[in-house]
Structure formats: C-alpha cells, structure tokens
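Topology and contacts: notes
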Amino acid sequence: MAYAFRRPWIFPLGALVVIFLAFSLPPYLSLDPSRSRVPQPDTLGVAHYWTLVPHVLFGSVALATAVLQIWPWFRQRHPAWHRRAGRVYVFGGVLPAGLTALVVGAFTPFGPVTRASNVLLALLWLGCTVTGWRRARQRRYADHRRWMIRSFALTASIISNRIWGAIAAVTLAPQLDTTFHGDPMLFAWIVSGFASWLGWTLPLLVSQWWLDRDRRPRGTAPAVPRRRTAASVPQPVAGDR
C-alpha cells in the first residue's frame, strides 16, 4: 500500500476534482434552466440548456474517471479495473461530452473568440481520446499512454479555464467603465475569450513538455565521439596485400 503514496499529487488532484464537481454540478442536476450559469443564446433558446446538461454530466464522468486512470498505483495493481474505467472514460465520458461540446461551443453566447476556442478544444479532445483508445486496442501501450495524457490535459482544462476566468475578471474589473465603456457584455466576452484559450492550450503544452521530458534518457551523459588514433585503425595483414 505504501506504493500508492509515492505519487502524493494524486490526492490533492482528486480533492480538487471533487470540490470542482460539487460546485459545478448542482445547477444542472436540478434540471432548472433558470439556474444555468451560461446564458441561453437567442439562436437555441432553452434547447441550449438541454444540450449543456448532458455535456456537464458526461464531462463530470470523464473528469472523475480520468483521475483514476492517471494514478500509477491503480493502473499497476488493478489492470482489469483500469481497462473498465478506461471504457467508461471514453464511451461514458469524453465521447458524449465532446459531441455535445461541439454544439454548446458553436452556439456559445460569449462571442466568436470563445466559439473558436471551444469548438477546437472539443475536436482535439475527441481526437486525442479516440486515438489513445485505438492505440490500446492495437496493444501499442506506449503510444496509448502518450495520447491519453494529452486527453487528460484537455479533460482537466475545464478547471484551469475557471481559474484563468477568475484571474481575468478580477484583473480587468477596474477597467469596466473605461476600457470596456461600461459594457458588461463586452467585458464578459473578453474574459471568456482569455480564459477559454489559456484554459486548454497551457495544460496541453505542459503535457507535451512532460512527454518530451519523459522520453529523454535519465542519468546518462551524452555520447562523446572517440578520437581515432593510429592504434585504433585496423592494420592490413599480409594476406590483404
């Protein structure tokens, strides 16, 4: 059991996910459109909420199972459960959440910058996850791990999105009456665009940096070319002349 504690980051990560879900889920479990934290766009109306609800619920499944999937102790001690949780992550989490994200993102009320980010994020999320699942089916487990780390970074980006949104809102709020001319809609568009792009690009870049770092050999010095000397050059023997 001591091995389970060799990756202490898993416990604060799990706690962060639980806190985030406890805060995010209640408005959508109530099935009351008036409690939605996202304004309903005129193009979809209340249909936007009924697309957002499954996106949030399936995304919560993906976020919760992702924590188990990246836990080394769980993968090594319970490989069968790792595979089962992986199927839930892909088919009960990312795929339905990603498909609904395409609709929610395409009709976001927060402007074209956020719209472009959300749609691109959904496509990358689906692409990384499906590629990782296919690599596992092909028993290419090293590639499977790399693609699923990227998938996890995109899954968890919803948390960093909220963090960057809070930072942007607090930083830009004093400029509401000057830079934003007192327009709360423009303010919301800028904050949302800032958070939506940083929310997933930075985690994805960090995951790629980690994967590139993980591939480098550790504890080995770079090879130094050996200088050829007269003693190291093969000498012809009598039969070669």
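Structure: above.
The paragraphs below set out a description of the structure included in this document.

Calculation criteria
Along every chain, residues carry numbers that run from 1 in the direction the sequence is written. In keeping with the model being predicted, local features are shown solely for residues with a pLDDT of at least 70 and side-chain atom pairs are shown and tallied solely at 80 or more, while totals for entire chains, interfaces and linings include all residues. Heavy atoms from the whole structure form the basis of all side-chain values; hydrogens and water molecules are not counted. Throughout this description, the term salt bridge denotes a Lys or Arg side-chain nitrogen within 4 Å of a carboxyl oxygen of Asp or Glu. Classification of residues uses two cut-offs on accessible area relative to the type maximum, computed with a 1.4 Å probe and protein chains only: under 20% is buried, over 50% is exposed, and between them is partly exposed. Aromatic pairing here means that ring centres of Phe, Tyr or Trp (its six-membered ring) are within 6.5 Å. Orientation follows from the plane angle: under 30 degrees is stacked, over 60 is edge-to-face, and everything else is tilted. Put simply, DSSP marks the helices as runs of H or I at least four residues long and the strands as runs of E at least two long, and each gets a number from the N terminus on. Here a cavity denotes grid points, spaced 1 Å and computed from the protein atoms alone, that fit a 1.4 Å probe unable to get out, and a pocket denotes an open set having protein on both sides within 12 Å along at least 5 of 7 lines; residues with an atom within 4 Å of a point are the lining. Grid points are joined across faces, edges and corners, and a volume is the space filled by probe spheres set on the points. Three classes are used, and their members are as follows: Ala, Val, Leu, Ile, Met, Phe, Trp, Tyr, Cys and Pro are nonpolar, Asp, Glu, Lys and Arg are charged, and the others, Gly among them, are polar. Residues enter patches when their relative accessible area tops 30% and they take part in no salt bridge; the joining distance is 9 Å for like charges and 5 Å for the nonpolar side chains Val, Leu, Ile, Met, Phe, Trp and Tyr. Under the convention used here, a 1.4 Å probe and the Shrake-Rupley method define accessible areas, while residue burial counts only the protein chains that appear. The positive count covers Lys and Arg only, the negative count covers Asp and Glu only, and His and the chain ends enter neither. Taken as the charge location is NZ of Lys, CZ of Arg, CG of Asp or CD of Glu.

1. Observations regarding the pattern of salt bridges
A side chain of one charge can pair with a side chain of the opposite charge when the charged atoms of the two come close. Taken as a whole, this structure holds 1 salt bridge when the rule is applied. Across the salt bridge formed by D143 and R140, the nearest N and O atoms sit 3.0 Å from each other. In this structure D143 comes out as partly exposed when scored by relative accessible area, which is 22%. With a relative accessible area of 39%, R140 lands in the partly exposed category.

2. Focus on the packing of aromatic side chains
With the rule as written, the count across this model stands at 9 aromatic pairs. Between the aromatic rings of Y28 and Y49, the centroid separation amounts to 6.1 Å while the plane-to-plane angle is 25°, which identifies the pairing as stacked. Here the residue Y28 occupies a position in helix α2 (residues 26–29), and Y49 occupies one in helix α3 (residues 46–69), the gap between them amounting to 21 residues. Judged by its relative accessible area of 0%, Y49 falls in the buried class.

3. A look at the layout of surface pockets
Here the largest pocket is characterised by a volume of approximately 1,500 Å³. As for the largest pocket, its lining consists of 40 residues, of which Q69, I70, M148, I149 and F152 are closest to the centre. Among the secondary structure elements, those contributing two or more residues to the lining of the largest pocket are α1 (10–24), α3, α4 (72–77), α5 (79–106), α6 (111–137), α7 (141–155), α8 (157–172) and α9 (184–215). In the lining of the largest pocket, the residues fall into 25 nonpolar, 8 polar and 7 charged.

4. As for a nonpolar patch on the surface
Taken together, the side chains of L31, V46 and W50 define a hydrophobic patch exposed on the protein surface, amounting to about 290 Å² of accessible area. By the element assignment, L31 lies in the loop between α2 and α3. We classify L31 as partly exposed; its relative accessible area is 47%.

5. Details of a positive patch on the surface
Residues R83, R84, R87, R137 and R139 make up a contiguous surface patch of positive charge. Here the element with the most residues in the positive patch is α5; it accounts for 3 residues. The topology assignment puts R83 in helix α5. The class for R83 is partly exposed, based on a relative accessible area of 49%.

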